[in-house]
Structures are given as structure tokens and as C-alpha cells.
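The residues making up each chain are set out below.
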Amino acid sequence: MSLGLSQKFNILTQSPHDLVEAVDEVSRPVEESSCRWVASRYTVRATSEDGRLILWNTFNGKMGVIQPDLKPAVESLLTKKSFEARPRGVVKYLRDRGFLVPEGTDEYRRIQLGFGQEHYRTDRLELILLASEDCNFRCEYCYEDFARGTMQPWVRTGIKKLVEKRLGALSSLSVSWFGGEPLYGFAAIEDLAPFFLEMAERKSLRFFSQMTTNGYLLSPEVADKLLAWKIWRYQITIDGTPEDHDRNRPARNGEGTFETIFDNLKSLHRRSDDFLVEIRVNFDPQNHSRVAGFLETVRGELGGDPRFRLLFRSIGRWGGPNDQNLSVCGVDEAREIHMKLREEARKRGLVLTDDIRSIKGMGAQACYAARPYNFIVGASGKLMKCTIDLDKQDRNVVGQLRQDGEMELDLDKLARWTEPAFEKDVKCQKCVVLPICQGISCPQLRFDTGDSPCVALRATYKSELRGAVGAIAARDQPLPAGRGTE
């Protein structure tokens, strides 16, 4: 179209670039140029018993296994101060998985960027709801005081109002049911769970719902309702053999609980629904040697069902009235037992819920309490951050939910829980697993000790990589000019 100006002012009405025959830039082959490369500061290495080199990048969570004939060449590339090469063959393989990065890459600054992008999101809401603060168990190591029962109806109304007010800005909603024992307050779950599902479906939100339960009340009839409300993930604690479990986790009337819980697990096993059950086994100096017997029971009754996974944790003194009477493992002893139990589970073909291959880089082991969009809502509407501190520590009560859905927050307390602590911690800044925990794996521990709350993986990643390499090797794929797996 003529603008009517070109003759008078000699102004071109079309860019000179447009007068040249167009070239399809997309179809033109691009030859990647040579670049100077260095090993990522977040690439860690281990060697398997059969001589394979295992690589894992904690920044992006990618893993690779290099066969022995290529191991010396790959190690040479990863130990050079820098080298120049085109991204071809093995160099391309290492580049594509983040094991090599261009020289001059500021990976720490990228962690700062990734932290900010995730930490300060306003499109996420994560709620941990105490459906009941009472419990039908009286576990030897429990730290709770059972001060309240089922969540009050006005609190449930406030939660609904909160979600409704936030719907327009949300892309995802996560609801975790906790207690006490959440199924002890089933009336609150029955009131709220269908509401959450309806809201998520109405707004096409990414929706995730889980429950931490002792499993005693998780009957087939209750499971029917929970699964229909898309509560699909469960953590259920069984402390080993029936004798050990019933000693640690009796009912409030003193009776054993193992048989009922395991019957409920077997009922779940017979279902065809999608769900995931994380069986948590707490160990101590008394029961750990007998846990292998329990694993045999799991293999016999539930083995081969990938919906059931195992998690091992050492019993600790978590602030309960019986702390001084507990027999607990020391740090080194607990780490050694933990690794042995994981190996016993792997030998039996059982799946671990915290296998290193499931740790997918940035923030994978950051604590929920450190995220500004995550709140515990107590049965009386108290807003809290940590499920161990609960309302026993004033620092943890960061506000109060009102019936109209507004949150009255103490911003100073909230800021303390959610600060980017790694930016003031030199130890964190130098750590190879910083991308995973971001220095916030446990704000509570940092408060109590003043130390960096290091994740166990910082000390055990080589052993974890060796333990997982058998499963990785089953998915071998060719490496350019060699063999490797991802």
C-alpha cells in the first residue's frame, strides 16, 4: 500500500531487506560452532563396582552411566580446566545433560534465578489441613499434644472462602491432609475434599491431594470416598514386624494396630485404582535388625505392585513428652542403618520412594515450610508452617484464618521461615547439592542450631548412585562413539 509520500520526500515505503529474495532461515542447516567447555560445578561422580562412571547433575537432575571403555576419556574432559571443541559425539552427550557448560557460565546466579522463579510464585496455593488434632494412636515417639478434635465448621468455611478468592490467580492447588490423625476428623474431609475437587475441575487447575495417616481407619469403604475425591497419595507408617510396630505404635487403648493397617494395605493392593502408598518405616536401635523380616512380608503380600514404595527414617527426639525414654541412633549409626535397609529393599525388588533418580534438580528437597505459598491450617484456624513445631513454638504460628477467608499474617514470622537463607550462608553457596535443597531443606534446624541444614544426600550421594546404577543400566542406550545410559 502506498503512503503517498515516496515521490515528494524520496522515502522508501519498504525495507531494503524485504527487496532481497527471502531465505528460509529455519530450513538452513546450522553448524554449531566450537566452544570452550568446563565441567558443571554441580556434576558429581561415582564409580560402580563393575567400573562404570556414574554422573549426576544436581542442577537439572539428569543422570548418566558411562561404560568402562569411555570412562578415562570422559573423566579427562570433566577434569580439564577448560577445553575447546564442537558439541559433537561425547561432548554433545555431556553438554545436553548439563555435565558440561560453556566457559563463563554463572551457575550460582542461575540458582538464584531459579529460586526466585519458584519461591515467589503467586499462582500456587498449598494447604496442609489438620482435619483433627486428636489421634486414635499413642505412639512412643509422638510429639503432639492432642489438644483439639475435628476442624471447626467455621474454619472449613474460611478455607473454602480462601480458595474461592484465590481461584482467579491460581494455576495449581495442593491439599495435604494431616493431624493428629486426619481420618479421626473425617467430617472435615468429607466437607472439604469434594469442594477442592470441584474448584480444581471448574478452573482446570493442576490438582494434587495427599494424606499422612496411620492407616488404621483406611477401610475399603473410606478408600472408596478418598480415591473418588482424588486423594491419591498416602504416607502410612509401619515400624517393622508386628511386635515392633505394636510396641512403637499402639492404639490409644494400648491394643496392637499392625494387623488392621496391613489388612487395609492388602485391600488397597487388590484395587485397580491409580494411587501411591509410601510405607514409612521408622527404625531405632531395637527394631532395625528385624526390619528385613518385615520387608519379606511386604514382598510376599505387596511385592511387584509399583503403587507401594518404602521410606526409611530414624526415630528422633522430636519434642514429645517421652523423648528422654527413647532409644535413638546417633547420626553416623542412623546413616549406616539407613543405607543397609535401602539395600535390603532393593534386593527384594521393592521400590524406594526417595530413590536418587526421583530427585529432579532445583528445589527437590526444599522444605514445604520455607515456601511462601504453603500454610498449615489447624483445627482452630491457626496458620502455621512446620508440622513438627505446630503451635508448640510461637515462632511457627504465623497467623490466623478468618471465616471470610482472609489470612491475618505476622509478616515478620512469615519472612523468617521463607527467607532465601543460602544467600547468607557461605557453606551453602559452595555446596554441590545446593540446587536440590536451596539451603532451605529444614528452616527449623537452622533456627535451633544456627547451622546449615544439610540434606543427607550431601554425604551419601556416591553410595546412592551406586545403589541405583543397576536399575539405570537396564535402560542402556548408545552413546556416540561408545556406550552409556541416561
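In what follows, the accompanying structure is described.

Definitions and limits used
Residues numbered from 1 in each chain as written. Predicted model: local features only at pLDDT ≥ 70, side-chain atom pairs only at ≥ 80, totals over all residues. Heavy atoms only, no water. Pairing = 2+ DSSP bridges. Helix = DSSP H or I, 4+ residues; strand = E, 2+ residues; numbered from the N terminus. Contact = heavy atoms within 4.5 Å. Axes fitted to C-alpha atoms, helices over the stretch in contact; angles between N-to-C directions. Buried < 20%, exposed > 50% of the residue type's maximum accessible area, 1.4 Å probe, protein only. Arc of directions from axis to C-beta. Polar contact = N/O pair within 3.5 Å; in protein donor to acceptor, adjacent residues only side chain to side chain. Left-handed = near helix turned anticlockwise from the far one by under 90°. Nonpolar A, V, L, I, M, F, W, Y, C, P; charged D, E, K, R; others polar. Core = buried A, V, L, I, M, F, W, Y, C linked by side-chain atoms within 4.5 Å. Salt bridge = Lys/Arg side-chain N within 4 Å of Asp/Glu carboxyl O.

### Focus: the sheet that holds strand S8 (residues 172–178)
Hydrogen bonds between backbone groups are what pair the strands of a sheet, and the pairing can be parallel or antiparallel.
At step 1: Strand order in the open sheet formed by 11 strands is S13-S12-S11-S10-S9-S8-S7-S14-S15-S16-S17, and the pairing between neighbours is mixed. A single partner strand is all that each edge strand has here, and the edge strands are strand S13 (351–352) and strand S17 (407–409).
At step 2: Here strand S10 (residues 233–237) pairs with strand S11 (residues 276–283) via 5 bridges, running parallel. Its bridge partner lying in S11, Gln235 is registered against Glu278.
At step 3: On top of the sheet, helix H12 (residues 411–418) reaches strand S14 (374–377), strand S16 (397–401) and S17; it is set at about 125° to S16, its chief contact.

### Regarding H12
At step 1: Regarding H12, the residues found buried are Lys413, Leu414, Trp417 and Thr418. Projection of H12 onto a plane perpendicular to its axis shows the buried side chains occupying an angular sector of 120°, all on one side. Those residues of H12 that are exposed and aimed more than 90 degrees away from the buried face are Leu411 and Asp412.
At step 2: Looking at the buried residues of H12, the elements they touch are helix H4 (107–119), S14, S16, S17 and helix H15 (443–449).
At step 3: One side-chain oxygen of the residue at the start of H12 lies 3.1 Å from the amide nitrogen of Asp412, identifying that residue as Asp410.

### Some remarks on the packing of helix H9 (residues 258–269) against helix H10 (residues 291–302)
At step 1: With their axes 10 Å apart at the nearest point, H9 and H10 run at an angle of 35° to one another. Classified by chirality, the crossing of H10 by H9 is right-handed. Residues Phe258, Phe262, Leu265, Lys266 and His269 of H9 lie in contact with H10, whose contacting residues are Phe294, Thr297, Val298, Glu301 and Leu302.
At step 2: A per-class count over the contact of H9 with H10 returns 6 nonpolar, 2 polar and 2 charged.

### Section: the pairing of strand S2 (residues 43–47)
At step 1: The pairing of S2 with strand S3 (residues 53–57) spans 5 bridges and is classified as antiparallel. Bridged to Thr43 within S3 is Asn57.
At step 2: Where S2 folds back on S3, the antiparallel hairpin that results is connected by 5 residues, among which Gly51 adopts a positive phi of roughly 95°.

### Some details on the side chain of Arg97
At step 1: Along the chain, Arg97 falls in the loop between helix H3 (89–96) and strand S6 (100–102).
At step 2: A distance of 3.1 Å separates a polar atom in the side chain of Arg97 from the backbone oxygen of Tyr93.

### Comments concerning unusual backbone geometry
At step 1: The step from Gly179 to Gly180 runs through a cis peptide bond, and the omega angle for that step is 20°.
At step 2: Locating Gly180 in the fold gives a position in the loop between S8 and helix H6 (186–202).
At step 3: Positive phi, close to 45°, is recorded for Leu390, a residue that is not glycine.
At step 4: Mapped onto the elements, Leu390 comes out in the loop between strand S15 (382–384) and S16.
At step 5: Of note, the phi angle at Gln438 is positive, near 55°, even though the residue is not glycine.

### Considerations on the nonpolar core
At step 1: Judged by nonpolar contacts, the single largest core of 79 residues is most densely connected at Trp177, Ile189 and Leu226.
At step 2: Counting residues per element, this core draws most heavily on H6, at 9 residues.
At step 3: Core analysis: the second largest hydrophobic core is formed by 19 residues, Ile359, Ile436, Leu457 and Leu465 among them.

### Some remarks on the pattern of salt bridges
A pair can form between side chains of opposite charge whenever their charged atoms are brought close.
At step 1: Considering all chains together, one arrives at 49 salt bridges under this definition.
At step 2: Linking Arg446 and Asp425 is a salt bridge whose minimum nitrogen-to-oxygen distance equals 2.8 Å. A residue pair is termed long-range when its members are at least 10 positions apart, and Arg446 in helix H15 and Asp425 in the loop between H12 and helix H13 (426–429) qualify at 21 residues.
At step 3: Residue Arg446 is classed as buried on the basis of its relative accessible area of 15%.
At step 4: By relative accessible area, which is 10% here, Asp425 ends up buried.
At step 5: Members of the salt-bridge network, linked through shared partners, are Arg313, Arg342, Arg346, Asp354, Asp355, Arg357 and Glu464.

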